[in-house]
Amino acid sequence: MDGYAKAIAFAPGHITGFVEFPTPMLDDPLLKGSRGAGVCISKGITTEVHLYPYDGLEVPEIKISINGKPCSDADVSLYVVKEYLRLVDIRRFKLDIMHRADIPIGYGLGSSGAAALSLSYALNRAFMLNLSNEEAARIAHKADLACRCGAGTVIAEYHGGLEMRLKAGAPGIGIVESIIDEVDDYKVLMLCISPYSTKEFLTNRIGMINGLGGKMLNILKESRSVETFLDLSFRFARSIDFITDRAARVIDALHCIGCKASVALFGETVFTIVSNDKVGEVEKVLSCYRDLYSNSSSSVCYLSCSIDTRGATVIEDTREPS
Ligand SMILES: Nc1ncnc2c1ncn2[C@@H]1O[C@H](COP(=O)(O)OP(=O)(O)OP(=O)(O)O)[C@@H](O)[C@H]1O
Ligand SMILES: CC(C)(CO)[C@@H](O)C(=O)[O-]
């Protein structure tokens, strides 16, 4: 590696509506993952990487920040960096990693997967490794799984769209299909009420996930409609007792104006997908609950996004000779 390199990549956030973890969970992380359905959103994580050669160091100096704040325990990001250190033979460099999140972290919007994926794409460019996007995405998949922050999130964010994950596994191994291709007419609207740790769920409550998600996939494969996706997601979240009273009130209010809705797995986040002409009406309901639930100790946020169909992408790749 010669000179300074900068790379920027973006990965969309992702909401899982229903899911199953095929058993037995195999040992190979590339074969592990989940089946289910979800939607990628136009907001997500942008990661900027600056790589400086620096002869005065015996070991690399690595700094990570999230939204401008230094972060020493970004475990998913550190996992990705360690995987790259095994692939490059240089050790004397400084690496600045800056994650910018325009989705809240921990609310079931797939931020850990998006951080890992955007970082992996950016490092691949900065280190000039020439991995394919699929190979870079596999590193992110392994990181999200190893840190117990996600199972099928990375492959969904790699693919983009309103999707069904028909076969579990890493990008290139798992199978993803779009539920519908024409998504320009839809918006994903969310009320993020409070965070919930995916690690906690995958560690302590994973037994609640049975074969229901797989049966639901068969129904969705036949109907391929947004309404069915929302319906099934709601039934799924109820079946694992994951809808809090606060979320249930919001979902009821949306039902009253003719909108189906559910909660994002795993967070106290209500989401719906509506056609553009319904956005104003839904926005009023969600803003009203945002104001009702916000208090001095917690911030509740309302988000409006399009459906991302591109999946993760590199935005910039620059280098200057030393
Ligand atoms: N932007 C980010 N940069 C680095 N690490 C992140 C970022 N976002 C999330 N993480 C890591 O992921 C953890 C939160 O993951 P968690 O899986 O609970 O939430 P999520 O990814 O927002 O939602 P989901 O439930 O959809 O996975 C954080 O504690 C942090 O370790
Ligand atoms: C486990 C999960 C629901 C967490 O976001 C997601 O990664 C998925 O659908 O596998």
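Please read these numbers as outputs of a predicted model, since none were measured by experiment.

Engineer: Summarise the site of ligand 1; cite the residues concerned and give the values.
Structural biologist: Inspection of the region around ligand 1 gives 21 residues, with Asp75, Gly106, Gly110, Ser111 and Thr198 positioned closest. Separating an oxygen atom of ligand 1 from a backbone N or O atom of Gly110 is a distance of 2.7 Å. Contact distances for ligand 1 include 3.0 Å between an oxygen atom and a backbone N or O atom of Cys149. Across the complex, the protein chains shield 87% of the 610 Å² of accessible surface that ligand 1 would expose by itself. For the shell around ligand 1, the elements supplying multiple residues, two or more each, are helix H1 (75–85) and helix H2 (111–126).

Engineer: Quick one: what's the story with the site of ligand 2, residue by residue and with numbers?
Structural biologist: Near ligand 2, the surroundings consist of Thr16, Val19, Phe21, Ser34, Gly150, Ala151, Gly152, Thr153, Arg165, Thr198, Leu265 and Phe266. Side-chain polar atom of Ser34 to an oxygen atom of ligand 2: 2.5 Å apart, as the coordinates give it. Within the contact set of ligand 2, an oxygen atom lies 3.5 Å away from a backbone nitrogen or oxygen of Leu265. Coverage of ligand 2 by the protein amounts to 97% of the 290 Å² it exposes when considered alone.

Engineer: Now, about the nonpolar core: what can you tell me, with residues and values included?
Structural biologist: One finds Met190 and Phe229 to be the most contacted residues of the largest nonpolar core, which totals 104 residues. In terms of residue count, H2 provides more of this core than any other element does, 9 residues in total. Taken together, domain 1 (4–179) and domain 2 (186–306) each give at least three residues to this core, which thus spans both. Setting aside residues up to four positions removed in sequence, Met190 forms contacts with Ile15, Ile41, Leu109, Thr269, Val270, Phe271, Leu286, Cys301, Tyr302, Leu303 and Cys305.

Parameters at a glance
Residues numbered from 1 in each chain as written. Chains lettered and ligands numbered in written order. Predicted model: local features only at pLDDT ≥ 70, side-chain atom pairs only at ≥ 80, totals over all residues. Heavy atoms only, no water. Near = heavy atom within 4 Å. Polar contact = N/O pair within 3.5 Å; in protein donor to acceptor, adjacent residues only side chain to side chain. Areas by Shrake-Rupley, 256 points an atom, 1.4 Å probe, with all protein chains shown as cover. Helix = DSSP H or I, 4+ residues; strand = E, 2+ residues; numbered from the N terminus. Core = buried A, V, L, I, M, F, W, Y, C linked by side-chain atoms within 4.5 Å. Buried < 20%, exposed > 50% of the residue type's maximum accessible area, 1.4 Å probe, protein only. Domains from an automatic or database assignment. Contact = heavy atoms within 4.5 Å.

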